[in-house]
Amino acid sequence: MQPPDQAIIDYGMFIMPFHDPEKSLGQCYAEDLELIIRAEELGFGEFWIGEHHTMKYENIVMPEMFICRALGETSTIRLGPAPVCLNQHHPALVAGRLAFLDHLADGRLNLCFGPGSVTADLELLGVDPKNNGRMVAEAIDTILTLWSTDPPYEIDGEFWPIRLKENVDEETGIGFIHRPLQQPHPPIAIPAMSRNSPSMVMAGEMGFQPFGHCLVTGNVLADFWETYENAALAAEAAA
């Protein structure tokens, strides 16, 4: 089947995903893969996959691994985790594996950075939801620092202090964090859930993309864009 008119290329799709837990996990993943392939055939430009660790209905625990599977079945559509739950992962490991994935994807990787909000996931990992915002902001700053600087690495994080000095060796290439194929990094989006969202303020200030989804009502979604635009304009004026 030939893709339709080029105008549809700006469309994207997001799945949490959502499945009947009576189905086998293998069937769920096969259906999701089939959906990505179909979206590409229809001319969709991007596809996003959610991350959840303790939910029977939303059952992709590591969207990066699923993206690796989908890369071999597609050729043009851009793929991205939405979001990478930064409050649930060490940012140095996130930086390394996403750089790796960007090379595997030959630059077809999009990124969405945010907090995981599933209460069972947070309890399992001992994450206090009151710290979500600060953890995400710190993780993003750490990842971008690791992607843009050479060792030694010295980052005074509140949640993830990083020191890599004594075991750095230029000759053997030990002690270096890999960088992504897309420079300075793959496109980054930031999700939000509420009006006057601090996440939209951060996205506007840093030039990241705003990200909304089906659980957000229309008036709140409109507020995302307004909050984002105001923050972007303020950042531009202050520059």
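In this text, all values refer to a predicted model and were calculated from it rather than measured experimentally.

Here we come to the sheet that holds strand β8 (residues 188-191). Across the sheet, four strands lie side by side as β4-β5-β8-β9; this open sheet has parallel pairing. The open sheet is flanked by β4 (84-85) and β9 (209-211), the only strands paired with a single partner. Relative to β9, β8 is paired through three bridges, and the arrangement is parallel. Residue Ile190 lies in a different strand from β9, and its bridge partner there is Pro210.

What follows deals with the confidence of the model for the protein. On average, residues of the protein score 94 in pLDDT, and 96% of them reach the 70 mark or higher. Across residues 1-9 the pLDDT falls below 50, and counting only partners more than four positions away or on other chains, this stretch makes 14 contacts in the model.

All right, on to the packing of aromatic side chains then. Enumeration according to the criterion identifies six aromatic pairs in this entry. A ring pair is formed by Phe159 and Trp160, whose centres lie 6.0 Å apart and whose planes are at 55 degrees; its orientation type is tilted. Exposure remark for Trp160: the relative accessible area of 10% places this residue in the buried category. Taken together, Phe14, Trp48 and Phe211 form an aromatic cluster joined through their ring pairs.

Let us now look at the layout of surface pockets. In this model, the largest pocket occupies a volume close to 700 Å³. If you trace the largest pocket, you find 35 residues lining it, with Pro83, Pro115, Ser117, Pro191 and Met193 closest to the centre. Every element with two or more residues in the lining of the largest pocket is listed here: β5 (111-114), α5 (132-148), β8 and α6 (198-206). By residue class, the composition of the lining of the largest pocket is 20 nonpolar, 12 polar and three charged.

Our next topic: the nonpolar core. Formed by 51 residues in total, the largest nonpolar core has its most connected members in Leu86, Phe113 and Ile140. Here this core takes eight residues from α5, the largest share from any one element. The residues contacting Ile140, other than those within four sequence positions of it, are Leu86, Phe113, Ile190, Met202 and Phe208. Trp48, Ala82, Ala189 and Phe211 belong to the second-largest nonpolar core, a separate cluster that totals five residues.

Moving on to the pattern of salt bridges. Per the stated rule, a full pass over the model turns up nine salt bridges. For Lys165, the salt bridge goes to Glu154, with nearest N and O atoms at 3.6 Å. Note that Lys165 is positioned in the loop between β7 (162-164) and β8 and Glu154 in strand β6 (residues 153-155), a separation of 11 residues in sequence.

In this section: α5. The terminal C-alpha atoms of α5, which comprises 17 residues, lie 24 Å apart, in line with the 24 Å expected from a rise of 1.5 Å per residue. Residues Asn132, Met135, Val136, Glu138, Ala139, Ile140, Thr142, Ile143, Leu144, Leu146 and Trp147 constitute the buried set of α5.

Moving on: the pairing of strand β2 (residues 46-49). Two elements, strand β1 (residues 12-15) and β2, share four bridges in a ladder whose sense is parallel. Of the residues in β2, the one forming a bridge with Phe14 is Trp48. For the crossover from β1 across helix α1 (residues 25-41) to β2, the handedness is right-handed. Direction of pairing for β2 relative to strand β3 (residues 78-81): parallel, over a ladder of four bridges. When the sheet's bridge partners are listed, Phe47 is paired in β3 with Leu79. In the classification by handedness, the crossover that spans β2, the intervening helix α2 (residues 63-71) and the parallel β3 is right-handed.

Let us now look at the packing of helix α3 (residues 91-104) against α5. Interhelical geometry of α3 versus α5 gives an angle of 50 degrees and a closest axis separation of 9 Å. Classified by the interaxial angle, the pair formed by α3 and α5 is oblique. Crossing hand, α3 versus α5: right-handed. Seen from α3, the contacting residues are Pro91, Ala92, Val94, Ala95, Leu98 and Ala99; seen from α5, they are Ala139, Thr142, Ile143, Leu146 and Trp147. Tallied by class, the residues present in the contact of α3 with α5 amount to 10 nonpolar, one polar and no charged.

What counts as what
- Residues numbered from 1 in each chain as written.
- Predicted model: local features only at pLDDT ≥ 70, side-chain atom pairs only at ≥ 80, totals over all residues.
- Heavy atoms only, no water.
- Pairing = 2+ DSSP bridges.
- Helix = DSSP H or I, 4+ residues; strand = E, 2+ residues; numbered from the N terminus.
- pLDDT = per-residue confidence, 0-100.
- Contact = heavy atoms within 4.5 Å.
- Phe/Tyr/Trp six-rings, centres within 6.5 Å; stacked < 30°, edge-to-face > 60°.
- Buried < 20%, exposed > 50% of the residue type's maximum accessible area, 1.4 Å probe, protein only.
- 1 Å grid on protein atoms, 1.4 Å probe; cavity = no way out; pocket = protein on both sides within 12 Å on 5 of 7 lines; lining within 4 Å.
- Points joined across faces, edges and corners; volume = space filled by probe spheres on them.
- Nonpolar A, V, L, I, M, F, W, Y, C, P; charged D, E, K, R; others polar.
- Core = buried A, V, L, I, M, F, W, Y, C linked by side-chain atoms within 4.5 Å.
- Salt bridge = Lys/Arg side-chain N within 4 Å of Asp/Glu carboxyl O.
- Expected span 1.5 Å × (residues − 1).
- Right-handed = clockwise from strand over helix to strand, strands pointing away.
- Axes fitted to C-alpha atoms, helices over the stretch in contact; angles between N-to-C directions.
- Parallel < 35°, antiparallel > 145°, perpendicular 65-115°, else oblique.
- Left-handed = near helix turned anticlockwise from the far one by under 90°.

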